[in-house]
Every structure is written in structure tokens, then in C-alpha cells.
Amino acid sequence: MSKTYGKTRWKRFALVMVPSVAATAMVGVSIANSALAASFSISGQQFKVSTDQLHGTNFAQFGSVDIEANGKPHPVAVSAFDHADITNLCQSVVTDLSAFGLGKITLQLHAGTEAGKPVQADNLLIDLEQLKADATFTNINIGQDASTLSGSATQGWAPHPGVTKAGGGAGLPSGPTGFAQAAQKADLSSVQQTARATSAGTFKLNGLNLALKSGDGAGNECF
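What comes next is a walk through the structure. (Residues numbered from 1 in each chain as written. Predicted model: local features only at pLDDT ≥ 70, side-chain atom pairs only at ≥ 80, totals over all residues. Heavy atoms only, no water.)

Once that is clear, we can look at the nonpolar core. Core analysis: the biggest nonpolar cluster contains 31 residues, and F81, V119, L124, F137 and L188 have the highest contact counts within it. Looking at this core, the elements with two or more residues in it are β2 (47-67), β3 (73-87), β4 (89-96), β5 (104-111), β6 (119-145) and β7 (179-199). Counting 10 residues, the second largest nonpolar core, distinct from the first, contains A60, V76, A80 and A182. (Core = buried A, V, L, I, M, F, W, Y, C linked by side-chain atoms within 4.5 Å. Buried < 20%, exposed > 50% of the residue type's maximum accessible area, 1.4 Å probe, protein only. Helix = DSSP H or I, 4+ residues; strand = E, 2+ residues; numbered from the N terminus.)

Shown next, in the form of C-alpha cells:
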């Protein structure tokens, strides 16, 4: 097992995501009723998430495909955590309601802003398309066979011969040589990410504050 310590800026090579609420139309919160997240059809909308700090345990990542209800596919990088603590979480999603004469409306959500009360998530699966952050990984393996991933968040979603399902779609039958990476711990700071879906066994949003704002862009979206 390779061991990597220190601080790494992860660009295209290894995308990681913070937990968030999944957006369907203007507002939606996707929380699984069991330890394993269920596969579901995504809305097709992207949403943005930012956070000051994320600490996750038993991190894993692999490629997959999310599917809209109309069958349209979207390639994603799935990040899985057995547990994650998130400080100062912001999530935003923009919906165009011009047909009702309202223009664009942004739903903005904040949680985990109070010291000592972070957002907490268990058995987290996140389907993302872009991430910008500073990241430190403890005991990381890069290039691991996706079918050999461990951890409660990936169990049931990574059966041999490869990952077949993840939070938001039908998944990618990657076969026994499917590329994946895994780490004992993942610590990220100054996170900005764009995602398609997320699901979790439990999602505790301490200090939840949700508001609708007219318009989009700076001041309304998280970044």
C-alpha cells in the first residue's frame, strides 16, 4: 500500500466532493432511509457547494454515470465517505422560472456555521463534475481496482466485477480493472465544487438556514 502525506492540490486527477443536498427543481433534500444509498434518476440540474473544511474517513472514488429520468447520461466522479464532518457548508441551485414571470431564482442553503457544530454525514455518496480545493490524504492508494473498495459507503455499490451503481444513476460497469482510489482519511479546505447528485444514510444539518433569492450569479450562488 502506498502512503502519501502532505498537502496536495487536486485538479483533474482526483476529484473529491463535500456532502450537500441534492437539487430537484427548486429545492430537494436527498436522504437515504438506510445505510446504503438508493439509486435514483437525477433532475439534470447541477448545483454548487462550498465549504471551509471537510474531514472524511474511509474515502473512495471511482467513475460512474448518472441518468436523468429521460435517459440522458452524465459522466461523474463518485466520492464515498464512511463519515464526514463539514464546516460552513453552502449549497446553491438556480432554477429558471421565466415561464411564471419570475426570472431566475436561486435557492441558497447554509449549515454548520457555528463553531463546534459541523454538518455530519454517514455513508455518503457524492456524484460530482468539478472540484477546486486544497486536499491532504492519509494512506492513499491510487489506481486501485474498483471492485476491491472497502468501507460501508461503498458496500453494495462496488460488487465484483466493478462498480455498477452510485448515488444518482445506473453506474458504470467498469470491470475488474476499473480505476479507483482510496484513502484512510481525507482533509479538504477552501472547497468549491459542482455536482449532479448526493445521497447518504444520515445527513445532520446543524444550524440549517435556507432562503430563496431573485437572480443568479455573485451574491446568490455559493461561488
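Take the environment of G201 next. By the secondary structure assignment, G201 is in the loop between β7 and β8 (202-204). Look at G201 and you get buried, because its relative accessible area is 12%.

Each disulfide is one covalent bond, formed between the sulfur atoms of two cysteines. Inspection of every chain in the model, using the stated rule, returns 1 disulfide. Each sulfur of the disulfide joining C90 and C222 lies 2.0 Å from the other. Between C90 and C222 the disulfide shows an S-S torsion of about -90°. By sign, it is left-handed. Here the residue C90 occupies a position in strand β4, and C222 occupies one in the segment after β9 (209-214), the gap between them amounting to 132 residues. C222 matches C90 in its accessibility class, with the two residues each being buried. (Disulfide = S-S within 2.5 Å.)

You will see that N88, though not glycine, has its phi angle at about 55°, which is positive. Looking at the element boundaries, N88 is found in the loop between β3 and β4.

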